[in-house]
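# Understanding the architecture of this molecule
What follows is the residue order along each chain.
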Amino acid sequence: MLAPRALRSWLCALSCWWLHTGTASRLKTPALPIQSEREPLPSKGLAGCSFGGRFYSLEDTWHPDLGEPFGVMHCVQCHCEPQKSRRGKVSGKVNCRNIKQDCPNLDCDDSVLLPGHCCRTCPKDSNDKKQTDSMLDSFEYFHEKGKEDDLHKSYNDRSYLSSEDTGFVESRTDFVALLTGVTDSWLPSSSGVARVRFSLTRTTLTFSVTYQRIDRPSKIAILDSDGTPAFEYKVPKGQADMICGVWKNLAKPVLRQLQSEQMRISMTTSMGRREEVEGKIIKHRALFAETFSSMLASEEENAGMGGIAMLTLSDSENNLHFILILQGLIRHKDKEPVLVPIRVQLMYRQHVLREIRANVTSNDPDFAEVLTDLNSRELFWLSRGQLEIAVATEGQDPRQISGFITGRKSCDAIQSVMSSGDALIPGKTGGVGSAIFNLHDNGTLDYKVQVAGLTSDVVGLTIELKPRRRNKRSILYDLTPEYSKATGQAVGSWSRLEAEHIHMLLQNELFINVATAHSQEGELRGQIKALPYSGLEVPRDELPNPLAGHFVSPPVRTGASGHAWVSVDKQCHLHYEIIVAGLSKTDDVAVNAHLHGLAEIGELDDSNTNHKRLLTGFYGSRAQGVLKDMSVELLQHLDQGTAFIQVSTKMNPQGEIRGRVHVPNTCKFGAPAEVEEAEFDDLFLNDPEELKKDPNTCFFENQHHAHSSRWTPSYDKCFTCSCQKRTVICDPVICPELTCSRTIQAEDKCCPVCDERREPKDMKAPEAVEEHLEGCYFEGDQKMHAPGTTWHPFVPPFGYIKCAVCTCKGSTGEVHCEKVTCPVLTCSHPVRRSPSDCCKECPEEERTPAGLEHSDMMQADGPRYCKFGKNFYQNSDSWHPWVPLVGEMKCINCWCDHGVTKCQRKQCPVLTCSNITRTESSCCPECADYKEEADLMTKTPGKRRTWRQ
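Residues numbered from 1 in each chain as written. Predicted model: local features only at pLDDT ≥ 70, side-chain atom pairs only at ≥ 80, totals over all residues. Heavy atoms only, no water.

For clarity, the threshold we go by: UniProt positions are given in the numbering used here, feature names are shortened, and annotations may be inferred rather than shown by experiment.
As annotated in an unreviewed UniProt entry, the protein chain carries the name Chordin and is attributed to Crenichthys baileyi. Recorded in UniProt under Sequence similarities (unreviewed entry), the annotation for the protein chain is "Belongs to the chordin family." If you open the UniProt record of the protein chain and go to Subcellular location (unreviewed entry), you find "Secreted".

Next up, the structure:
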């Protein structure tokens, strides 16, 4: 197979052999036909390192993966080192080293090399125990400091669940922050209170903000341990009382500060009186079990105090557990902590229902308690959001804060995918169900449900509990009266949720079931789950696009189904979020999601990939991302409603589930609308200071040019220049050969074009060539080409590719690029007369190719040479690859196959023995008994002769 991209990045990062200058990169063989560039890495504008097509944050370490057949270099460790320029800008630099020399000396004789390790280890009986300990260490509860006494009473009847068990695929860590008025600021202290809930997944931090007694904030800043803003978020204007945001690609130092609770968050307002609230970001074990919450504020002006309450119900008893986090309520000037008496009251319309008196310390005023045996009225008021919790200090200067208890608030979406594979009696019908929910403060649950592709009519649509016994359903609410057979939807509200139902809903313990005439117990079923906020611009408040095997052509009878939210932003970037259910892990682990553009649904041709784009490959049940380089055709199909999202699997590579997607948009040529283009152009053309700030900008002919931009230089119209990270590369325009009898030359163009007009007088008007209102836009040179014209494609940073010719096909706007076909030569040593020529010719006299030209890599046909590392190899040559820091890899053979480098690992025989060993000098494992016998025979030749007799 081809030498992978990761290997090229690896070699380049270590020895800088491939891209020493901007022009050297033209040596790479182009892949034809020309394809659109990959989606840019999410690292643009961020400090970090790019290696092997992946982005790493500062201080990250990893073992480089060179792909098949090389695999992961476990004995090499790479490090993204922070580098600071003279201007103080921090960037990343990849530094790799061989760590095999750091392996410890072993005392045992039977050391083993475990898979995925570099150093050999001695076998120990305690391996199982250590593995168990490491699993426990992965749960923050078992080693979190300072939180042992947070819950001095039983917080919940269930044992704590990691978010790995309750979330979507990836584990996450939750944080919380209580924000109150800043007392040491030059601004008057605010009475505002805000709560921020954070979720950290890998290097992405999402946050949900609720606030009271303060105007809508205009800016949110997350501060590091020094008080310096590490991230700023400009709050969009709106009327909602919830603010949702995301911080992507957190650097390693920031992650360490976040995990060690050294960071703070502040919010400021700009409307009316400027106010500021601030608080510390902390981890809290109560966040996993929280289903009800309250934000406590003061009625006083400029109070500078507040609190939050996190509450949950017991699973088996009517007990309400809660934790209070207080800030600013207790003010004590003494350095030594003192006990302060407080009073906690549970109230309904100013009537005290329950009261607890306790003492808290002045330096840690958090408080936890259990309200036992709530009666039916108290539970009813809890479900309606009518219970109020109040906390007051006692003494000479009493202070009080209070707030109403409601269901937990966040930017997460409550949704469900119903599939036949998840039914109580699993099946494969190809149908789909999709539902979204919205829980209000008064306990009302709004729902929107849609079903499609069922085998028979719907006879029941219900929200249920998990069955207590097999196939024994527990129905909570019947949605069937709201179901419309004509639309396949049910829209309505459930206004009588009990407190226990709200608790179970927010703990992902409810299900939705679809019964049909052929499947009375349920054809479709799905768990109602909270989908974590992703930060994507997708309309989660609207019903998503259903995905089902029923919509595949031809239909697929599968137990899987899904739904997808899709949107197109102002920059014409496609945002997508896909959820699947019912996929059997034994059948398929890796899932691919494709976006299809179809002119006519009835004429689907799966072999036609012209309008097919890979969105992502994903594991588990969720895929999300942004597709930036959208083609004109796909945008048009999205606008017309003739586009599809499709999920394919190993069992059904041509598509297992699919759904129609309709996203109205005004994008043209895959770019923003004209107004947005003008705004973008004005930013850079009218404000050159913006370009100067970019470290990748090129300065040429007294002008700044953005990275990856292309232009025609003023000194010669027959050149095309491009900016590649501060390096200007100018290539001469290569005009294609024309076969027509008459050509014309436009004054502002370098290459002549065919004149297909009949009247000679038109020869005097070459500018008429530019009057075509339709044509083709080619991303390579970023130019419009008239219908019927041909040109050699310009592909930065390689320049003009003379071995390919592109043609603008009529008025359809399609660009067709094909490889140049070179004539068959009879001589043994053909040569290329000019380095820019594509095809070789037979020379007048034979000569040896001792000095290989770099341009040989561009030969279109015939025997071609291969370049691997710093060496060139002729066709059919074979070698063992040499990798920096690792050396010669004798277990891998590479060979040159007509200009393509192919590598393969040595095939090892299948061993039937139980005692297998492996030496460092051998490529394949061996049977230990056979190896000992062979060694003994080698050491004692006399015995070997005896055995042979």
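That was the structure; now back to the text.
### Describing the overall build of the protein chain
Put simply, the test is: Helix and strand definitions follow DSSP, with helices as H or I runs of at least four residues and strands as E runs of at least two, each counted in order from the N terminus. Should any heavy atoms of two residues lie within 4.5 Å, those residues are considered in contact. Accessible surface is estimated by sampling points in the Shrake-Rupley manner with a 1.4 Å probe; for residues, cover comes only from the protein chains shown.
Of the regular secondary structure elements, the protein chain holds 11 helices and 62 strands. Within the protein chain, counting contacts between residues at least 6 apart in sequence, those at least 24 apart form 56% of the total. Summed over all atoms, the accessible surface of the protein chain reaches about 51200 Å², with 48% contributed by carbon and sulfur.

### Details of the sheet that holds strand E49 (residues 790-791)
Counted only if it meets this: Being paired, for any two strands, means DSSP has found at least two bridges between them.
Strand order in the open sheet formed by three strands is E49-E52-E53, with antiparallel pairing between adjacent strands. Single-partner strands in this sheet number two, and they are E49 and strand E53 (814-819).

### Comments concerning the sheet that holds strand E60 (residues 900-905)
The strand order across the open sheet formed by three strands is E56-E59-E60, and the pairing between neighbours is antiparallel. Among the strands making up the open sheet, the edge pair consists of strand E56 (878-879) and E60.

### Concerning the pairing of strand E29 (residues 489-494)
Quick note on the threshold: Only protein chains enter the accessibility calculation, which uses a 1.4 Å probe. A residue is then buried if its area is under 20% of the maximum for its type, exposed if over 50%, and partly exposed in between.
A one-sided burial pattern is seen for E29, the buried positions being Ala 490, Gly 492 and Trp 494 and the unburied ones Gln 489, Val 491 and Ser 493. Bridge count for strand E25 (residues 445-452) against E29 is six bridges, and the pairing is antiparallel. Counterpart to Val 449 in the pairing with E29 is Ala 490. By the bridge criterion, two bridges tie strand E28 (residues 483-484) to E29 in an arrangement that is antiparallel. Each residue of the ladder has a partner; that of Ser 484, found in E29, is Gln 489. Hairpin connection from E28 to E29: four residues lie between these consecutive antiparallel strands, with Gly 488 at a positive phi of about 70 degrees.

### Some remarks on the side chain of Glu 388
Selection criterion: Counted as positive: Lys and Arg. Counted as negative: Asp and Glu. His and the chain ends are not counted at all. Take a side-chain nitrogen of Lys or Arg and a carboxyl oxygen of Asp or Glu: if they are within 4 Å of each other, that pair is a salt bridge. Polar contacts, as counted here, are pairs of nitrogen or oxygen atoms within 3.5 Å of one another; within protein the pair requires one atom able to donate a hydrogen and one able to accept it, and residues that are adjacent in sequence qualify only if both atoms are side-chain atoms.
Structurally, Glu 388 is set in strand E20 (residues 387-393). Among buried charged residues, Glu 388 stands out as having no salt bridge; its nearest opposite-charge side chain is Arg 349, 9.8 Å away. Polar contacts involving the side chain of Glu 388 include one to the side chain of Ser 402, which spans 3.2 Å. Setting aside its immediate chain neighbours within four residues, Glu 388 contacts Gln 345, Leu 346, Met 347, Gln 350, Ser 402, Gly 403 and Phe 404.

### So, the state of the cysteines
Selection rule: By disulfide we mean two sulfur atoms from cysteines, separated by a distance within 2.5 Å.
Under the defined criterion, the tally for this structure stands at 17 disulfides. Between the sulfur of Cys 75 and that of Cys 118 lies a disulfide, 2.1 Å long from S to S. Disulfide Cys 75-Cys 118: torsion about the S-S bond near 105 degrees, hence right-handed. Highlighted residues: Cys 75 in the loop between strand E3 (61-62) and strand E4 (76-84) and Cys 118 in the loop between strand E5 (90-98) and helix H2 (127-137), separated in sequence by 43 residues. Paired through a disulfide, Cys 908 and Cys 924 show a sulfur-sulfur distance of 2.1 Å. The S-S bond linking Cys 908 to Cys 924 shows a torsion near -80 degrees; that makes this disulfide left-handed. Here Cys 908 is found in the loop between E60 and strand E61 (916-917), whereas its partner Cys 924 is found in the loop between E61 and strand E62 (926-927), with 16 residues between them in sequence. Owing to a relative accessible area of 35%, Cys 908 belongs among the partly exposed residues under this scheme.

### Considering the packing of aromatic side chains
Defined as follows: When the centres of two rings from Phe, Tyr and Trp lie within 6.5 Å, Trp using its six-membered ring, the rings pair. Their planes under 30 degrees apart give stacked, over 60 give edge-to-face, and anything left gives tilted. Two thresholds decide whether a charge sits over a ring: the Lys NZ or Arg CZ must be within 6 Å of the ring centre and within 35 degrees of the ring normal.
This structure, assessed with the given rule, holds 11 aromatic pairs. Seen from their ring centres, Phe 207 and Phe 231 are 6.4 Å apart, and the 70 degrees between their planes marks the pair as edge-to-face. Of this pair, Phe 207 sits in strand E8 (residues 204-212) while Phe 231 sits in strand E10 (residues 229-234), and the two are 24 residues apart along the sequence. An identical accessibility class is assigned to Phe 207 and Phe 231; each is buried. When the ring of Phe 322 is compared with that of Phe 367, the centres are 6.3 Å apart and the planes differ by 55 degrees; the resulting orientation is tilted. Taken together, the residues Phe 322 in strand E16 (residues 320-327) and Phe 367 in strand E19 (residues 367-371) connect sequence positions 45 residues apart. In textbook terms, an aromatic cluster arises when at least three aromatic residues are bridged by ring pairs, as seen for Phe 198, Phe 207, Phe 231, Tyr 233 and Trp 247. Taking the ring centre of Phe 644 as reference, the NZ or CZ of Arg 658 above it sits at 5.8 Å.

### Details of the nonpolar core
For clarity, the cut-off: Buried Ala, Val, Leu, Ile, Met, Phe, Trp, Tyr and Cys residues that are joined via side-chain atoms within 4.5 Å together make up what is termed a nonpolar core.
If you look at the biggest cluster of nonpolar residues, it comprises 60 residues, and the most contacted ones within it are Phe 322, Leu 324, Val 344, Phe 367, Val 391, Phe 437 and Val 449. Phe 198, Ile 214, Leu 250 and Ile 281 belong to the second largest nonpolar core, which has 29 residues in total.

### Some words on the pattern of salt bridges
In the structure shown here, the tally under the stated rule is 21 salt bridges. Among the ionic pairs, Asp 174 bridges to Arg 197, the shortest N-O distance being 3.6 Å. With a gap of 23 residues between them, Asp 174 in strand E6 (residues 173-181) and Arg 197 in strand E7 (residues 193-201) connect regions that are remote in the sequence. Across the pair, Arg 197 and Asp 174 agree in class, each one buried.

### Quick word on the pairing of strand E34 (residues 574-581)
The element E34 is largely enclosed, with a buried count of eight among its eight residues. Both faces of E34 are covered, namely the face carrying Leu 574, Tyr 576, Ile 578 and Val 580 and the face carrying His 575, Glu 577, Ile 579 and Ala 581. In the sheet, strand E33 (residues 561-568) pairs with E34 via eight bridges, with the strands oriented antiparallel. Opposite Trp 565, over in E34, you have Glu 577 as the bridge partner. The turn linking E33 back onto E34 is made up of five residues, and Cys 572 within it adopts a positive phi angle of 65 degrees.

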